[in-house]
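Chains, contacts and geometry: an overview
Given next are the chains, with one letter for each unit.
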Amino acid sequence: MKEITAIQPQLHPALANTRLQLAIYTATGRLVDKRKSTVDADSLPDYQELRTQANDIKRHAIDHLDHYLELFERNVEANGGKVIWCRDGKEVVDFLLTLAKQRKSKILVKSKSMTTEEIHLNDHLEEHGLEPVETDLGEYILQLAHEKPYHIVAPALHMTRYEVADLFEEKLQLKREEVPEKQTQIARGILREKFLEADIGVSGANFLVADSGAVVLVENEGNARLSTTAPKVHVAVAGIEKVIPRAQDLATFLKLLGRSGTGQQLTVYTSFLSGPRRKGEIDGPEEFYVVLLDNGRTKVLQDADKRQALFCIRCGACLNICPVYRRIGGHNYPWVYSGPIGAILTPQFKGLDKDPWLPHASSLCGACGEVCPVKIEIPRLLLELRADIEQAKAAKGEDKSEKLGFQAWAKLMSSPQLYRAASAAGSWVLQDMGDGGWSSKLPFFMNLGPAKGWLSARDMPLPPGESFRQLWRNRRKQDGTQAQPAQTQPSRAGKTSQGRQPE
Ligand code: SF4
């Protein structure tokens, strides 16, 4: 909790911005409703079985990652393409810079890719005089605004059409246009030219199919298809966790991805890209590269349990349903991955000490785990990460207050005498507080620290006149009965333990 308190000032502007709150709430609410209508029992009776299958496939692929990546590489090469292994973003940038230099290319068209956002690819290419152009409409808007994506699936979810109108007017020097369809036409006109001018197209990958060497892309705008086929060179940049064993596994994932992300049975375009253009084909690139990026993934793999975070297929369903994401929005998360998946991926990639508030940014309502199409146990992983953070702090000798607090609590709860005395004292003090709640009437120094934020908007009800113990005693007196001796039950250790009566 202390970590959350520390970042509260950073959150206030988003929380106080009613326009932004409405935009996030409306957009995510629409996605939640659409998802729900496409995964209910009438629309997809085998939805839960598909989730289990998806989890099994991902677990198997991640457990045998080396095998499937090598198989994927062999098949890409058999198709005439080339696989480039990169440890980090720098190696990806170096590869692309060399390629652009060799092909004398200035403009690179890009389709939406969180992996390239992860390594700030655009910034690095621009630093070297190249012109990367985002061609997904939301990403194009964000590139003009110099912002990072707000959401995994809907990158400009936080912007209204009026803000887009302002942006286009300022950056493109065009007549103000507030109608979304017209704004799309403006972007389309500009981007069509870029597709024709670019020599290199950069994409991400939704799936890498090991048994065929295919890169699979799903999208709704057709820009990924143009980015990967119009330029002479196609480079797909993918995290190593994107590999799945067989083409037939896509039958499971494609049914889940569109439904979970945007409430579509299938996205508008699904492209299977396997190698450069072959003789006789009318389109496709002359050169085909797949960059396999580690960038911290092998570190995540080392934890056999928590590495299930790598199963993520980036559908965004956990963001849409999350009460925390829906209030604080995407830009308050420190990395490109926001929402519940960001809260479990970021600490594993960046280290536990970087943003220790992240795993605490959850009400643990469990909704994220319930909607995740690949059944990642997000709430449990959040708890595990919280425990890891506390253990790391304890190992460094930092912050003993939580430990001391829990030790005192354990002492109190394990001693009937102490518990009785504490509840009697608490009840006696609180009854004196008058009507209504009590916490706001405490002396100011008792409302400091983590309690302050919580109590600034809430109060605690007065306890009832009689405690449970008193009620029980009175009831026994009224009934004129004595409690029966407790049953003697075997304990786990095989010994017997005497059950305790309420006192
Ligand atoms: S964690 Fe699950 S629900 Fe969240 S984006 Fe990834 S696949 Fe979707």
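Nothing here was measured: the structure is a model prediction, and the numbers come from that model.

1. Considering the overall build of the protein
When you go through the protein residue by residue, the secondary structure sums to 22 helices and 12 strands. Per-residue burial for the protein yields a buried fraction of 36% across its 503 residues. Nonlocal contacts in the protein, meaning residues at least 24 apart in sequence, comprise 72% of its contacts between residues at least 6 apart.

2. Some remarks on the nonpolar core
Counting residues in each nonpolar core, the largest one holds 101 residues, and the members touching the most others are Val291 and Cys318. A per-element tally of this core places strand E10 (residues 287-293) first, with six residues. Not counting residues within four places of it along the chain, the set of residues in contact with Cys318 comprises Gly339, Pro340, Ile341, Cys368, Val371, Cys372 and Ile378.

3. Some words on helix H8 (residues 137-145)
Here H8 has its buried residues at Leu137, Gly138, Glu139, Tyr140, Ile141 and Leu142. On the buried face of H8, the contacting elements are strand E3 (131-134), helix H9 (161-172) and helix H10 (180-197). Just downstream of H8 lies His146, where phi reads positive at about 55 degrees.

4. A word on the packing of H8 against H9
Close contact between H8 and H9 brings their axes to 10 Å; oriented N to C, the two are set at 60 degrees. In terms of orientation, H8 and H9 fall into the oblique class. Relative to H9, H8 is oriented so that their crossing is left-handed. Contacts between H8 and H9 involve Ile141, Leu144 and Ala145 from the former and Val164, Leu167 and Lys171 from the latter. Its residues placed into classes, the contact of H8 with H9 shows five nonpolar, no polar and one charged.

5. Quick word on the sheet that holds strand E6 (residues 214-219)
Reading across the sheet, the four strands line up as E8-E5-E6-E9 and stay open at both edges, with mixed pairing between neighbours. Each edge of the open sheet carries a strand with a single partner, namely strand E8 (243-244) and strand E9 (269-273). Sheet strands in contact with helix H12 (residues 250-262) are strand E5 (207-209), E6 and E9, and its direction is about 20 degrees off that of E6.

6. Focus on unusual backbone geometry
Unlike most non-glycine residues, Lys104 shows phi in positive territory, near 50 degrees. Along the chain, the position of Lys104 falls in the loop between helix H5 (89-102) and strand E2 (107-110). The exposed category is assigned to Lys104, around which 7 C-beta atoms lie within 10 Å. You will see that Arg314, though not glycine, has its phi angle at about 55 degrees, which is positive. Relative to the elements of secondary structure, Arg314 occurs in the loop between helix H13 (297-301) and helix H14 (317-321).

7. Description of helix H4 (residues 65-78)
Its 14 residues place the ends of H4 20 Å apart at the C-alpha level, agreeing with the 20 Å of an ideal helix rising 1.5 Å per residue. Contact partners of the buried residues in H4: helix H3 (47-63), strand E1 (82-86), E5, E8 and E10. Positive phi appears at Gly80, one or two residues downstream of H4, with a value of about 100 degrees.

8. Structural notes on the sheet that holds E10
The parallel open sheet is built from six strands, whose spatial order is E1-E10-E7-E4-E2-E3. Looking along the sheet, the strands with just one partner apiece sit at the ends: E1 and E3. Direction aside, the axes of adjacent strands within the sheet are offset by 25 degrees on average. Note: E1 against E10, five bridges, orientation parallel. Paired with Lys82 across the strands is Tyr289, a residue of E10.

9. A few points about the pairing of strand E7 (residues 233-239)
Successive residues of a regular strand alternate their side chains across the two faces of the sheet. Of all seven residues making up E7, seven are buried, and the element is well covered by its neighbours. Both strand E4 (residues 200-203) and E7 contribute to a ladder of four bridges, which runs parallel. Its bridge partner being in E7, Ser203 is matched across the sheet by Ala236. Pairing of E7 with E10, which is carried by seven bridges, proceeds in the parallel orientation. Bridge assignment links Val237 to a residue of E10, and that residue is Val291.

10. Digging into the environment of Gln21
Take Gln21: it is sitting in helix H2 (residues 18-39). The spacing of Gln21 and Gly329 is 308 residues in sequence and 8.2 Å in space, taken between C-alpha atoms.

11. Structural notes on the confidence of the model for the protein
The share of residues in the protein with pLDDT of 70 or more is 89%, and the mean pLDDT across the chain is 90. The low-confidence segment residues 486-503 (pLDDT under 50) makes 18 contacts with residues lying over four places distant or belonging to another chain.

12. Description of the environment of Val153
Tracing the backbone shows Val153 in the loop between H8 and H9. We classify Val153 as buried; it has 21 C-beta atoms within 10 Å. Between the alpha carbons of Val153 and Thr262 there is a distance of 8.1 Å; along the sequence they are 109 residues apart. Setting aside its immediate chain neighbours within four residues, Val153 contacts Gly261, Thr262, Cys315 and Gly316.

13. Section: the packing of H9 against H10
A packed helix pair is summarised by two numbers, namely the angle formed by the two axes and the spacing between the axes. At a minimum axis separation of 10 Å, H9 and H10 run at an interaxial angle of 35 degrees. Crossing hand, H9 versus H10: left-handed. Every residue of H10 that contacts H9 at Arg161, Val164, Ala165 and Phe168 is listed here: Pro180, Gln183 and Ile186. Of the residues contributing to the contact of H9 with H10, the split by class is five nonpolar, one polar and one charged.

14. What to know about the environment of Gly239
Following the sequence through the fold, Gly239 ends up in strand E7. With 23 C-beta atoms counted inside 10 Å, the residue Gly239 sits in the buried group. Along the primary structure Gly239 and Leu293 are separated by 54 residues, whereas in three dimensions their C-alpha atoms are 4.7 Å apart.

The rules we used
- Residues numbered from 1 in each chain as written.
- Predicted model: local features only at pLDDT ≥ 70, side-chain atom pairs only at ≥ 80, totals over all residues.
- Helix = DSSP H or I, 4+ residues; strand = E, 2+ residues; numbered from the N terminus.
- Buried ≥ 20, exposed ≤ 12 C-beta atoms within 10 Å, placed from the backbone.
- Contact = placed C-beta atoms within 7 Å.
- Core = buried A, V, L, I, M, F, W, Y, C linked by C-beta atoms within 7 Å.
- Axes fitted to C-alpha atoms, helices over the stretch in contact; angles between N-to-C directions.
- Parallel < 35°, antiparallel > 145°, perpendicular 65-115°, else oblique.
- Left-handed = near helix turned anticlockwise from the far one by under 90°.
- Nonpolar A, V, L, I, M, F, W, Y, C, P; charged D, E, K, R; others polar.
- Pairing = 2+ DSSP bridges.
- Expected span 1.5 Å × (residues − 1).
- pLDDT = per-residue confidence, 0-100.

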